Amino acid sequence: MTVAATADVVVVGAGIAGVSAAYHLSRRGVARVVIADPRPPLTLTSDKSTECYRNFWPNPEMVALTNRSIDLLEELAEESGDYFSLTRRGYLFVTADPTRLDAMTRQAVISSGYGTGPVRRHPGPHPHGQSDDGIDVLTGQALREAFPYLSEEALGALHVRRAGWFSAQQLGALMLERFRDAGGELVVATVTGIVVDNDRVRGVRLDDGSVIDTPTVVVAAGPMAPNVAALAGVELPLFSELHLKVSFRDHLGVIPRDAPMLIWSDPQHIEWSDEERAGLVSMGREELLGEMPVFCHGRPEGGADSPYFTALWEYHQEVMGPVWPLPEDPLYPEVVMRGLTRMIPRLEVYLDRLPPSSVDGGYYTKTAENRPLIGPAGQDGLQLVAGLSGFGVMVSAAAGDLLAAHICGEQLPDHAAAFLLDRYD
């Protein structure tokens, strides 16, 4: 067996998680880090997300992790001249249900105690512009004045302020460039084996038969993470859900370019004509006739002059092993557009003739409690940054930083234990 190289760390996977881990290791002076992936960087699922971030979560560990990640993103944006277009417009969770609004407000108060920021109630004028953090609870005239394009059904909304979006591709490209400048190497290859001896990682085997000797292997393979960890005899409690997203050309300018991420937080029924209902039954798509799930959402895409709007609705809720090409849903653009009209009625102008659109997607790979796996696992020298679900882009900076802290033996933050695999022991 020919030994091709040696490395201090081999990162398996060149998605946003793997690139971030490698970048943060190189920042700490780890001399030789190799990323191994058969695909071009950031092309499997990292470029298929809505590229958003928020610090609003129902548990303290995720609030702490995302706050750390946003801190790192803001630092990197400032020092790079905002290379990846970090935009803070917030998330607007909208509801027409008074009971749901009460529950959302209670959750805002709980999340505030975890570090999301103060909760501000606005029955009167809503303060426009960027607030450092916190959540604005909007009702009545405040909601109407701040967001006049919302449905009259809307009774209230939470405006999460430390939230927005950025270019995940540009962020990844920046971290990858700096990783390479520090001496890191990207190897175009499939890892076919993890060499283990006496319960200790010794290297990785590549598809050309060569071996990279290394004491540390990082599993950062996104939806393929369970397959890679299994090479070292470690079973990961992960499953994958299909997700799609669609980008519309909003050539009529229905969605204001300064809009936040807009999220309809209620279940709904899509209004179909009798003829359309019969057609859906004949197609075997009866699931579109019943109650549809919460969180049909979207945001402006691109700069001030861009006509595009990106939207997503996880109504498939289909657990499946990752396959490529992705299963297609030819009705997805129309279903999402119809769902959005519940929140933004003016979009009905597009129902007779949908605007040009493009659909892509990937997989949300997650644990049962939807918290990631970050840190050591199984064999000595095996490390994880996996299970990043639908929040991989937003936590990638902190996940890579935390993983690097584990490997370098640094003092860990209080929330680190919440993301270890051994929490299941």
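Keep in mind it's a predicted model, so treat the numbers as computed, not measured.

Enquirer: Talk me through helix α1 (residues 16-27); I want residue IDs and the actual numbers.
Expert: Here α1 is 12 residues long and its end C-alpha atoms lie 16 Å apart, about the 16 Å a rise of 1.5 Å per residue gives. Of all 12 residues making up α1, 11 are buried, and the element is well covered by its neighbours. Every buried residue belonging to α1 is among Ile16, Ala17, Gly18, Val19, Ser20, Ala21, Ala22, Tyr23, His24, Leu25 and Ser26, and all of these are buried. The inward-facing, buried residues of α1 abut β2 (9-12), β3 (33-36), α2 (60-79), α5 (168-181), β21 (382-386) and α9 (392-407). At the exit of α1 stands glycine 29, carrying a positive phi of roughly 85°.

Enquirer: Outline the sheet that holds strand β14 (residues 217-219), listing residues and values.
Expert: The six strands are arranged β10-β3-β2-β14-β21-β20 in an open sheet whose pairing can be described as mixed. The outermost strands of the open sheet, each flanked by one partner alone, are β10 (185-187) and β20 (373-376). The sheet shows a mean angle of 20° between the axes of neighbouring strands, taken without regard to direction. With four bridges connecting them, β20 and β21 associate as antiparallel partners. What sits directly across from leucine 373, in β21, is alanine 386. Running over the sheet, α9 touches β2, β14, β20 and β21 and is turned about 15° from β20.

Enquirer: Can you tell me about the packing of aromatic side chains, naming the residues and giving the values?
Expert: Summed over the entire model, instances satisfying the criterion amount to 10 aromatic pairs. Plain terms: the ring middles of tyrosine 53 and phenylalanine 166 are 6.1 Å apart, the flat faces sit at 35° to each other, and that makes the pair tilted. One end of the pair, tyrosine 53, is in strand β4 (residues 52-54); the other, phenylalanine 166, is in the loop between β9 (163-165) and α5, with 113 residues separating them in the sequence. Overall, the relative accessible area of 1% leaves tyrosine 53 in the buried class. Given the relative accessible area of 2%, phenylalanine 166 is considered buried.

Enquirer: Lay out the environment of alanine 96 with the relevant residues and their values.
Expert: Relative to the assigned elements, alanine 96 resides in the loop between β5 (91-95) and α3 (98-116). Spatially, the C-alpha atom of alanine 96 lies 52 Å from that of glutamate 185, the residues being 89 residues apart in sequence.

Enquirer: Describe the pattern of salt bridges, with residues and values.
Expert: Tallying each qualifying case throughout the model produces 21 salt bridges. Across the salt bridge formed by glutamate 410 and arginine 28, the nearest N and O atoms sit 2.7 Å from each other. Taken together, the residues span a long stretch of sequence, with glutamate 410 in the segment after α9 and arginine 28 in the loop between α1 and β3 at a distance of 382 residues. Exposure remark for arginine 28: the relative accessible area of 28% places this residue in the partly exposed category. Notably, a salt bridge pairs arginine 338 with glutamate 276, separated by 2.9 Å at the nearest N-O pair. Placement of the pair is arginine 338 in helix α8 (residues 332-341) and glutamate 276 in helix α7 (residues 274-282), with a sequence separation of 62 residues. Since its relative accessible area comes to 29%, glutamate 276 is described here as partly exposed. Bridged by salt links that share partners, the residues Arg28, Arg68, Asp401 and Glu410 form one connected network.

Enquirer: Tell me what's going on with the pairing of β21, and back it up with residues and numbers.
Expert: Within a regular strand, the side chains alternate between the two sheet faces. β21 sits mainly inside the fold: five of its five residues count as buried. The side-chain alternation of β21 yields two buried faces, one formed by Leu382, Leu384 and Ala386 and the other by Gln383 and Val385. Bridge count for β14 against β21 is three bridges, and the pairing is parallel. By the bridge assignment for β21, valine 217 is matched with leucine 382. The antiparallel pairing of β20 with β21 creates a hairpin that spans five residues between the two strands, and glycine 378 there sits at a positive phi of about 60°.

Enquirer: Describe empty space enclosed by the protein, listing the residues and the values that go with them.
Expert: Applying the stated criterion across every chain yields a total of one cavity of 30 Å³ or more. Within this model, the largest cavity holds a volume of roughly 40 Å³. Considering the residues around the largest cavity, the lining is formed by Phe248, Asp250, Ile255, Phe309, Met337, Leu340, Leu347 and Tyr350. Split into classes, the residues belonging to the lining of the largest cavity amount to seven nonpolar, no polar and one charged.

Reading the values: the criteria
- Residues numbered from 1 in each chain as written.
- Predicted model: local features only at pLDDT ≥ 70, side-chain atom pairs only at ≥ 80, totals over all residues.
- Heavy atoms only, no water.
- Helix = DSSP H or I, 4+ residues; strand = E, 2+ residues; numbered from the N terminus.
- Expected span 1.5 Å × (residues − 1).
- Buried < 20%, exposed > 50% of the residue type's maximum accessible area, 1.4 Å probe, protein only.
- Contact = heavy atoms within 4.5 Å.
- Pairing = 2+ DSSP bridges.
- Axes fitted to C-alpha atoms, helices over the stretch in contact; angles between N-to-C directions.
- Phe/Tyr/Trp six-rings, centres within 6.5 Å; stacked < 30°, edge-to-face > 60°.
- Salt bridge = Lys/Arg side-chain N within 4 Å of Asp/Glu carboxyl O.
- 1 Å grid on protein atoms, 1.4 Å probe; cavity = no way out; pocket = protein on both sides within 12 Å on 5 of 7 lines; lining within 4 Å.
- Points joined across faces, edges and corners; volume = space filled by probe spheres on them.
- Nonpolar A, V, L, I, M, F, W, Y, C, P; charged D, E, K, R; others polar.

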